[in-house]
Amino acid sequence: MIPRSARRSLRKLALSCAGIVAAACCGCSSPRAVQPRMEEPFPKKLSDWHLFGATSPALQPNSGVVPYDLNTPLFSDYAGKYRFVWMPPGTSAQYREDAAFEFPIGTIFVKTFAFPFDGRAAERLIETRLLVRTKSEWKPLSYIWNDAQSEATLETVPDPVKIKFTSASGKLRDFTYVVPNANECHECHDNQKGLLPIGPKARNLNKDFTYASGSENQLEHWARVGYLSGLPASASRPHEAKWDDPASGSLDDRARAYLESNCAHCHQPGGQAGYTGVDFRLAQHEIAKQGLCKPPNSAGAMGALRFDIVPGHPEDSILIYRLESVAPKVSMPALSRDVVHEEGVKLLRDWIAVLPGNCPAAR
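### Brief notes about the sheet that holds strand E4 (residues 80-86)
No. 1: Read across the open sheet, the 6 strands follow the order E3-E4-E6-E7-E8-E9; overall the sheet is antiparallel. Looking along the sheet, the strands with just one partner apiece sit at the ends: strand E3 (66-68) and strand E9 (152-154). On average, adjacent strands in this sheet sit at an angle of 25° to one another, irrespective of strand direction.
No. 2: Inspection of the sheet shows E3 paired to E4 by 3 bridges, in the antiparallel sense. Counterpart to Pro 67 in the pairing with E4 is Phe 84.

### Notes on empty space enclosed by the protein
No. 1: In the structure shown here, the tally under the stated rule is 4 cavities of 30 Å³ or more.
No. 2: Taken as a whole, the second largest cavity holds about 70 Å³ of empty space.
No. 3: Together, Phe 75, Tyr 258, Asn 262, Cys 263, Leu 323, Pro 333, Arg 337, His 341 and Val 345 line the second largest cavity.
No. 4: Class assignment of the residues belonging to the lining of the second largest cavity gives a composition of 6 nonpolar, 2 polar and 1 charged.

### Remarks on helix H7 (residues 342-353)
Two residues of an α-helix separated by three or four positions point the same way, owing to the 3.6 residues in each turn.
No. 1: For H7, with 12 residues, the first-to-last C-alpha span of 16 Å sits near the 16 Å given by 1.5 Å per residue.
No. 2: On its buried side, H7 packs onto helix H5 (251-262) and helix H6 (318-323).

### A closer look at the packing of H5 against H7
No. 1: Between H5 and H7, the shortest axis-to-axis distance is 9 Å and the interhelical angle comes to 130°. Classed by the angle they form, the pair H5 and H7 counts as oblique. Our pair here, H5 against H7, has a crossing hand that is left-handed. Along its contact with H5, which presents Leu 251, Asp 252, Arg 254, Ala 255, Arg 256, Tyr 258 and Leu 259, the element H7 presents Gly 344, Leu 347, Leu 348, Asp 350 and Trp 351.
No. 2: Grouping the amino acids of the contact of H5 with H7 by side-chain chemistry returns 7 nonpolar, 1 polar and 4 charged.

### Focus on the environment of Asn 71
No. 1: Along the chain, the position of Asn 71 falls in the loop between E3 and E4.
No. 2: Asn 71 sits in the buried class, given a relative accessible area of 4%.
No. 3: With 186 residues separating them along the chain, Asn 71 and Ala 257 place their C-alpha atoms 8.8 Å apart.
No. 4: Residue contacts for Asn 71: discarding those within four places in its chain leaves Arg 203, Asn 204, Asn 206, Lys 207, His 239, Glu 240, Ala 241 and Lys 242.
No. 5: Within the structure, Asn 71 has its side chain in polar contact with the backbone oxygen of Arg 203 (distance 3.0 Å).
No. 6: For Asn 71, the side chain forms a polar contact with the main-chain oxygen of Glu 240, separated by 3.3 Å.

How each quantity is defined
- Residues numbered from 1 in each chain as written.
- Predicted model: local features only at pLDDT ≥ 70, side-chain atom pairs only at ≥ 80, totals over all residues.
- Heavy atoms only, no water.
- Pairing = 2+ DSSP bridges.
- Helix = DSSP H or I, 4+ residues; strand = E, 2+ residues; numbered from the N terminus.
- Axes fitted to C-alpha atoms, helices over the stretch in contact; angles between N-to-C directions.
- 1 Å grid on protein atoms, 1.4 Å probe; cavity = no way out; pocket = protein on both sides within 12 Å on 5 of 7 lines; lining within 4 Å.
- Points joined across faces, edges and corners; volume = space filled by probe spheres on them.
- Nonpolar A, V, L, I, M, F, W, Y, C, P; charged D, E, K, R; others polar.
- Expected span 1.5 Å × (residues − 1).
- Contact = heavy atoms within 4.5 Å.
- Parallel < 35°, antiparallel > 145°, perpendicular 65-115°, else oblique.
- Left-handed = near helix turned anticlockwise from the far one by under 90°.
- Buried < 20%, exposed > 50% of the residue type's maximum accessible area, 1.4 Å probe, protein only.
- Polar contact = N/O pair within 3.5 Å; in protein donor to acceptor, adjacent residues only side chain to side chain.

Right under this line is the structure:
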């Protein structure tokens, strides 16, 4: 995992030129304004969107491109992720309490994935994904960075990327990172056969973020710069626990937050795995729909394991079995994971171990 100190340094570099009203960038000449595209054809080069004033020594967002973070993000093979959003001048998102906000046409979400260079402090940019609100629908676009780290090119079916680095704990990470193709993006983002953003919900954005101007709650910041309408008083805003921070919530809060961010985009009504009957959304409180003592209907060969989650027995739970696997058609999530998230699995093991109840003849 990337050391927190290194990630803080990189984030400071990335944000050093950020600012919703900044016209110049760190002493550089003023970049051209963001060039939105609301219909095809889309630019072949990421630079043609003018989302960044510079890409070295780190991504420097253009004026109006606002960085953000999530309380509990989706795990993606220990990649560092750098998120930004841009909306057309004079427009804003509409606040929603339990779902992703309603975003205006022209909105651009930007998420860059990066991994450490082995033995070096710098990170290697792998891909930048755009999610663009066009005139008719949300459009996913994947831009792959070149070896020189100077440009990223639009690719419909990107090649896998070899990743090798040593984590802060001294563990070697050596695997092939698979970049989802354009069709695979729909497997996570589709709901009711329509592609939608996943992460930008009130409960996941409700946290402080260090901007160039200082620390500020993200929801307050979005409202202040005109990117969010209808924000209620702070006491009425939902908040999601941070999966790896015991101070942010109970073990149950953190485990449920992890399942919400890593599983619920598919495992909910209307999602790709909605037919399974398992619903991992935080708003779901029915025990059976959370997978407790529930026989699977699509898991395939799971050996002697009979239930998705067996209270008190993580070793008997199909959920843990699939999270600890990297085998095709067995591992979960089915996309965007090529290694086991050891810390996430431990959290869920600890959670299942203290769940009350008994399943009939779990083995």
